[in-house]
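# Notes for the structure review
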Amino acid sequence: MIRKMQKKDCQAVARMWRDYLDVPTATDESVYSTFEKMSKDNRYMTYVAEEDGIVAGFITLVEVLSFDDPDGYVKMNGIAVLPEYRHRGIAQQLTEHAEQDARSRGADSIGAATSFKRMGSQAMLDKLGYEKSAFWFHKKLSPPEETAQLDG
């Protein structure tokens, strides 16, 4: 069953961010805090796949505006499935649910960034008709006070 994420799911989702998406900074507390912020902003949505009372997977979405896509698009910010639930079609169901969500928002496209290491995710996205179109670059910024000290 695919459903909207609830507060009670934060610990399970945090574990997947840490253990399967290799994001060690995704603590239970940070996921809960971020979930609270996202819940107040309709641009964000997280869905979970629940099987037999277990949160087996999740997908997080954000609606984005861009000068080259003024109607907006939806970006899949994270998707993961517990290893013991993989190869059951859960990631595909979550992705198809995300596509329905994007259509309901009026978006005419949806995209995802994934790690070079996540070959299974890349194969699934390819199978579902997604085209490789870019690399995603990421940089952790120093807090403003540290930057000011470096400049002085």
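Model, not experiment: these values are computed from the prediction.

Estimated volume of the largest pocket: approximately 2100 Å³. Around the largest pocket sit 48 residues that line it, and K75, A112, A113, T114 and W136 are the ones nearest its centre. At the level of elements, α1 (10–20), α2 (28–39), β3 (54–66), β4 (69–81), β5 (110–112) and α4 (119–127) are the ones that each hand at least two residues to the lining of the largest pocket. Top element by residues in the lining of the largest pocket is β4. It accounts for seven residues. Across the lining of the largest pocket, the residue classes tally to 22 nonpolar, 16 polar and ten charged. The computed volume of the second largest pocket comes to approximately 460 Å³.

Let us now look at the nonpolar core. Counting residues in hydrophobic clusters, the biggest one holds 34 residues, and the most contacted among them are F58, I59 and L94. Listed by contribution, the elements that provide at least two residues to this core are α1, α2, β2 (44–51), β3, β4, α3 (90–104) and α4.

Further remarks concern the packing of α3 against α4. Running from N to C, α3 and α4 point in directions that differ by 50°, and their axes come no closer than 11 Å. For the element pair α3 / α4, the angle class is oblique. In the crossing of α3 with α4, the sense of the turn from one axis to the other is right-handed. On α4, the residues that touch A91, Q92 and T95 of α3 are M124, L125 and K127. Residue composition of the contact of α3 with α4, by class: three nonpolar, two polar and one charged.

Scoring rules and cut-offs
- Residues numbered from 1 in each chain as written.
- Predicted model: local features only at pLDDT ≥ 70, side-chain atom pairs only at ≥ 80, totals over all residues.
- Heavy atoms only, no water.
- 1 Å grid on protein atoms, 1.4 Å probe; cavity = no way out; pocket = protein on both sides within 12 Å on 5 of 7 lines; lining within 4 Å.
- Points joined across faces, edges and corners; volume = space filled by probe spheres on them.
- Helix = DSSP H or I, 4+ residues; strand = E, 2+ residues; numbered from the N terminus.
- Nonpolar A, V, L, I, M, F, W, Y, C, P; charged D, E, K, R; others polar.
- Core = buried A, V, L, I, M, F, W, Y, C linked by side-chain atoms within 4.5 Å.
- Buried < 20%, exposed > 50% of the residue type's maximum accessible area, 1.4 Å probe, protein only.
- Axes fitted to C-alpha atoms, helices over the stretch in contact; angles between N-to-C directions.
- Parallel < 35°, antiparallel > 145°, perpendicular 65-115°, else oblique.
- Left-handed = near helix turned anticlockwise from the far one by under 90°.
- Contact = heavy atoms within 4.5 Å.

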